[in-house]
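Below, each chain spelled out in residue letters.
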Amino acid sequence: QVKNREIESLMNRNLAPAAVRVLHDLGRVGDRLELPVYAVGGFVRDLLLGHDNADMDVTVEGDGILFAEAFAVQHGGRVKSHQKFGTAVIVLPDGSKIDVASTRLEYYESPGALPTVEHSSLKMDLYRRDFTVNTLAIRLNAASFGTLIDYFGAYRDLQAKVIRVLHNLSFVEDPTRVFRAIRFEQRLNFKIARHTEDLIKNAVKMEFLEKLGGRRLLTELIQILKEKEPLKGIGRMASLGLLRFIHPDLELSLTLQEMLEDARYVVSWYDMLYLEASYESWSVFFLVLCDSLNDDEFLSTCNRLAVSEHFKEKLALARRQGNELLAGLERKLIQQGKLDNSEIYFFLRGLPVEVLLYQMAKTRNAELRRCISLYFTKLQGVRTLVRGDDLKKLGLAKGPRYREILDAVLSARLNGSVHSREDELQLVQGLIAGL
Ligand code: ATP
C-alpha cells in the first residue's frame, strides 16, 4: 500500500508548486461543499511514473459543475460546463485547465421536468475507463489528502509496465481502445497484456473495427502519428493487422519502413531548425504511410477516415503536385548535373512544408534531398529589396510584367548576381528597357 506521504512527496517532486497548491485548493473546496474530490486518470498515472502531464483530471462524487463553479469563484478562472454530461472545464488565470467530471449526474429531460438523477460511485466511474493504469485516483480532501485509491490492480500493472483492459468486452464496447492501447504501450514503453492482446486480435478478426466511424479512427491515428515515436505505433498496428482498416492494401513493406524512418529523421531535423514551426508533423507520416496508394486509393482512404472535404482536396492536390514537381526537378538535375538556386526555389515554392518533408523522406536521391534542405534553410526566406512600388515609380504600366520582373530580380538575388538595392534597380531598369 502506497502511503499518503509518499504520494505527497511525489507531487512535490514532480509537479510545479502552483499545481500542488491547486490540488490542495481543490480538496478544500470539496470539504466546504462536503463533496469527495479526487485527481484521476492519466494525471495520476503520469504522476506515479514521474512523467510530465499538465492536464489535471478531477472527479467529484456529486455535482461536478457546482464544484467547478465554486472553485472558480474562490480561486479565479472561468468555467465551461456541459450540463448534459455533468462535466466542466476550469480555465485558470494562467491558462491551465482542470477537467472536472461528476460521478452523479442530474439532468433535465425537458424544461420544467424533475431532474433525472443517475447515481454512480467513483468505482463505477473508474470501471468505465479503458485500461487499469488509467483507473487510479488520489483523494484530495484535506483529511485524507494523498490517499491512493486502486480498485483494479492499477498500481501493480504500472509497476509491471502492463496495459490491461478491465473486462473482456472492452474493445467491443469501444474499438478506439485498440489504438489507445497501442499508443500507451509505445509511449510508456509498456507491454499490452497477453489476454488483452488476444482480445484485440479477436476484435480484429470479428471485424468490430469496421464499425468504427471514420472520424474516430482518424482521431486515434493522428494521436499515434503525433507521438514521439510514431514508427513504433505504426509497427504495432501493422503486426496486429490494423493497417488494413486505413486502406485494404496498406502493409508495412521494407520500403515503407525505410521511408518512415527517413520521415522521422527529417521531421526532427525540421523541428530542430524551426522550434516554433506551425505545421502538422502527423501529416508527413500520413503521406508517407499512403505513399504506395494511387490518387483514387488515397482519396478513398481520406473518405474512410472522414477527412474533411477541404483538407482532403488540399492534401490530395499537394501530394500530386509534390510528386510531379519533384520528378521534374530530378529530371532537370539529371540533365544539367547541377541546379541554380532560383530553379530549386521556383520548383518548390508554394508546396506545403508537410509535402516537402514527405518528399525529402521519399527521395533516394541525395542531391535532391540537399535541394529541399537548401530551400528550407536558405532560399525560402530570400526577398528582393525592390518592390512593386519601385516599378511603378519607374513608370511601368500595371500588368503581368510586374510579376515577371520581380521574379527575375528574385532569381538574380537567389543566384547571387545582385547584392544591393542599387544592383536590383539597375537590373529592373534594364528589364523595363527590354535589354
Ligand atoms: P494523454 O496523456 O494522451 O492525454 P490521458 O490518459 O490523459 O492521456 P485522455 O485521452 O486525455 O488520456 O483521456 C483521459 C482519461 O479518459 C483517460 O485516462 C482514460 O481513462 C479515459 N478515456 C479516454 N478515452 C477512453 C475510452 N475510449 N474508453 C475509456 N476510457 C477512456
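Residues numbered from 1 in each chain as written. Predicted model: local features only at pLDDT ≥ 70, side-chain atom pairs only at ≥ 80, totals over all residues. Heavy atoms only, no water.

1. Notes on the overall build of the protein
- Scanning the protein for helices and strands turns up 21 helices and 11 strands.
- Computed over the C-alpha atoms, the radius of gyration of the protein is 28 Å, more than 25% above the 22 Å expected from 2.2 N^0.38 for a compact globule of 435 residues.
- Viewed in the frame of its principal axes, the protein has a C-alpha envelope of about 85 × 50 × 50 Å.
- For the protein, buried positions account for 48% of its 435 residues.
- Contacts spanning at least 24 positions in sequence make up 64% of the contacts within the protein whose residues lie at least 6 apart.
- On the protein, roughly 22,200 Å² of surface is accessible, and the fraction owed to carbon and sulfur atoms is 51%.
- Between the mean site of the 59 positive side-chain charges and the mean site of the 58 negative ones, the protein shows a separation of 2 Å. (Helix = DSSP H or I, 4+ residues; strand = E, 2+ residues; numbered from the N terminus. Rg over C-alpha atoms; globule rule 2.2 N^0.38 Å. Buried < 20%, exposed > 50% of the residue type's maximum accessible area, 1.4 Å probe, protein only. Contact = heavy atoms within 4.5 Å. Areas by Shrake-Rupley, 256 points an atom, 1.4 Å probe, with all protein chains shown as cover. Lys, Arg positive; Asp, Glu negative; His and termini not counted. Charge placed at Lys NZ, Arg CZ, Asp CG, Glu CD.)

2. Focus on the sheet that holds strand S4 (residues 87–91)
- Pairing is mixed across the open sheet formed by 7 strands, whose spatial order is S3-S4-S5-S2-S1-S8-S9. Each having just a single partner strand, strand S3 (78–82) and strand S9 (148–149) make up the two edges of the open sheet.
- Taken together, the 4 bridges between S4 and strand S5 (residues 97–102) define a ladder with antiparallel strand orientation. Within the sheet, the bridge partner assigned to isoleucine 90 lies in S5 and is isoleucine 98.
- Contacting strand S1 (37–40), strand S2 (56–60) and S5, helix H2 (residues 17–33) runs over the sheet at an angle of about 10° to S2. (Pairing = 2+ DSSP bridges. Axes fitted to C-alpha atoms, helices over the stretch in contact; angles between N-to-C directions.)

3. A look at helix H13 (residues 281–289)
- Burial within H13 is extensive, with 8 of its 9 residues counted as buried.
- Those residues of H13 that sit buried are Trp282, Ser283, Val284, Phe285, Phe286, Leu287, Val288 and Leu289.

4. Details of the packing of helix H10 (residues 214–226) against helix H11 (residues 230–239)
- One can describe the packing of H10 onto H11 by two numbers: an axis separation of 7 Å at closest approach and a directional angle of 135°. As summarised for this structure, H10 and H11 are arranged oblique, according to the angle between their axes. Residues Leu221, Ile224 and Leu225 of H10 form the contact with H11, whose own contacting residues are Pro230, Gly233, Ile234 and Met237.
- Residue composition of the contact of H10 with H11, by class: 6 nonpolar, 1 polar and no charged. (Parallel < 35°, antiparallel > 145°, perpendicular 65-115°, else oblique. Nonpolar A, V, L, I, M, F, W, Y, C, P; charged D, E, K, R; others polar.)

5. Things to note about the packing of aromatic side chains
- By the definition in use, this model includes 14 aromatic pairs.
- Summarising the aromatic geometry, the rings of tyrosine 270 and tyrosine 274 are spaced 4.9 Å apart at their centres and angled 50° between planes, so their arrangement reads as tilted.
- Using a relative accessible area of 6% as the deciding quantity, one classes tyrosine 270 as buried.
- Classification of tyrosine 274 by relative accessible area gives partly exposed; the value is 26%.
- Ring centres of tryptophan 282 and phenylalanine 311 lie 6.1 Å apart, and the angle between their planes is 45°; on these two criteria the pair is classed as tilted. Remark: phenylalanine 311 occurs in helix H15 (residues 309–336) and tryptophan 282 occurs in helix H13; sequence separation between them is 29 residues.
- Judged by its relative accessible area of 23%, phenylalanine 311 falls in the partly exposed class. (Phe/Tyr/Trp six-rings, centres within 6.5 Å; stacked < 30°, edge-to-face > 60°.)

6. Topic: the domain arrangement of the protein
- Taken domain by domain, the protein consists of domain 1 (4–159), domain 2 (161–245), domain 3 (252–381) and domain 4 (388–432).
- Around 1,300 Å² of area is buried between domain 1 and domain 2 when both sides are counted, 60% of it from carbon and sulfur atoms.
- On the domain 1 side of the interface with domain 2, the three residues burying the most area are Asp130, Phe131 and Asp157, jointly 43% of the side's total.
- Counting every contact that joins domain 1 to domain 2 gives 2 salt bridges.
- Where arginine 180 meets aspartate 130, a salt bridge forms, and the shortest distance between an N and an O atom there is 2.7 Å.
- Along the contact surface separating domain 1 from domain 2 lie 8 residue pairs in polar contact (both at pLDDT 80 or more).
- Listed by contribution, the elements that provide at least two residues to the side of domain 1 that touches domain 2 are helix H3 (42–49), helix H5 (122–127) and helix H6 (154–160). (Domains from an automatic or database assignment. Buried area = accessible area lost by both parts, 1.4 Å probe. Salt bridge = Lys/Arg side-chain N within 4 Å of Asp/Glu carboxyl O. Polar contact = N/O pair within 3.5 Å; in protein donor to acceptor, adjacent residues only side chain to side chain.)

7. So, the site of the ligand
- Within the structure, the ligand sits among 15 residues, and Arg45, Asp174, Arg177, Arg180 and Arg187 are positioned closest to it.
- Take arginine 45: an N or O atom from its side chain is 2.8 Å from an oxygen atom of the ligand.
- Residue aspartate 130 places a side-chain N or O atom 3.1 Å away from an oxygen atom belonging to the ligand.
- Within the complex, the protein chains bury 73% of what would otherwise be the 590 Å² of accessible surface of the ligand.
- Going through the elements one at a time, H3 and helix H8 (176–188) are the ones with two or more residues in the shell around the ligand.
- For the shell around the ligand, the residue count by class is 1 nonpolar, 4 polar and 10 charged. (Near = heavy atom within 4 Å.)

8. Concerning empty space enclosed by the protein
- Per the stated rule, a full pass over the model turns up 1 cavity of 30 Å³ or more.
- Put simply, the largest cavity is a space of about 40 Å³.
- Taken together, Ile182, Arg183, Gln186, Ile224, Glu227, Glu229 and Gly233 form the lining of the largest cavity.
- Broken down by element, the residue count for the lining of the largest cavity peaks at 3 residues, all from H8.
- Counted by class, the lining of the largest cavity contains 2 nonpolar, 2 polar and 3 charged residues. (1 Å grid on protein atoms, 1.4 Å probe; cavity = no way out; pocket = protein on both sides within 12 Å on 5 of 7 lines; lining within 4 Å. Points joined across faces, edges and corners; volume = space filled by probe spheres on them.)

9. A word on the environment of isoleucine 222
- Here isoleucine 222 lies in helix H10.
- Assessed through its relative accessible area of 16%, isoleucine 222 is described here as buried.
- In this structure the C-alpha to C-alpha distance between isoleucine 222 and leucine 329, which are 107 residues apart in sequence, comes to 31 Å.

10. Considerations on the packing of helix H12 (residues 254–273) against helix H17 (residues 353–362)
- At a minimum axis distance of 8 Å, the contact between H12 and H17 shows a crossing angle of 130°. Considering the angle they form, H12 stands oblique to H17. Two packed elements cross with a definite hand, and for H12 against H17 that hand is right-handed. Residue-level inspection shows Met259, Asp262, Ala263, Val266, Trp269 and Tyr270 of H12 in contact with H17, the latter providing Val353, Leu357, Met360, Ala361 and Lys362.
- A class-by-class count of the residues in the contact of H12 with H17 yields 9 nonpolar, no polar and 2 charged. (Left-handed = near helix turned anticlockwise from the far one by under 90°.)

11. Considerations on the layout of surface pockets
- Of the pockets and cavities examined, the second largest pocket occupies roughly 420 Å³.
- What lines the second largest pocket is a set of 24 residues, among which Ala18, Ala19, Ala54, Met56 and Ser96 lie closest to the centre.
- Among the secondary structure elements, those contributing two or more residues to the lining of the second largest pocket are H2, H3, helix H4 (64–75) and S5.
- If one sorts the elements of the lining of the second largest pocket by residue count, H2 sits on top with 4 residues.

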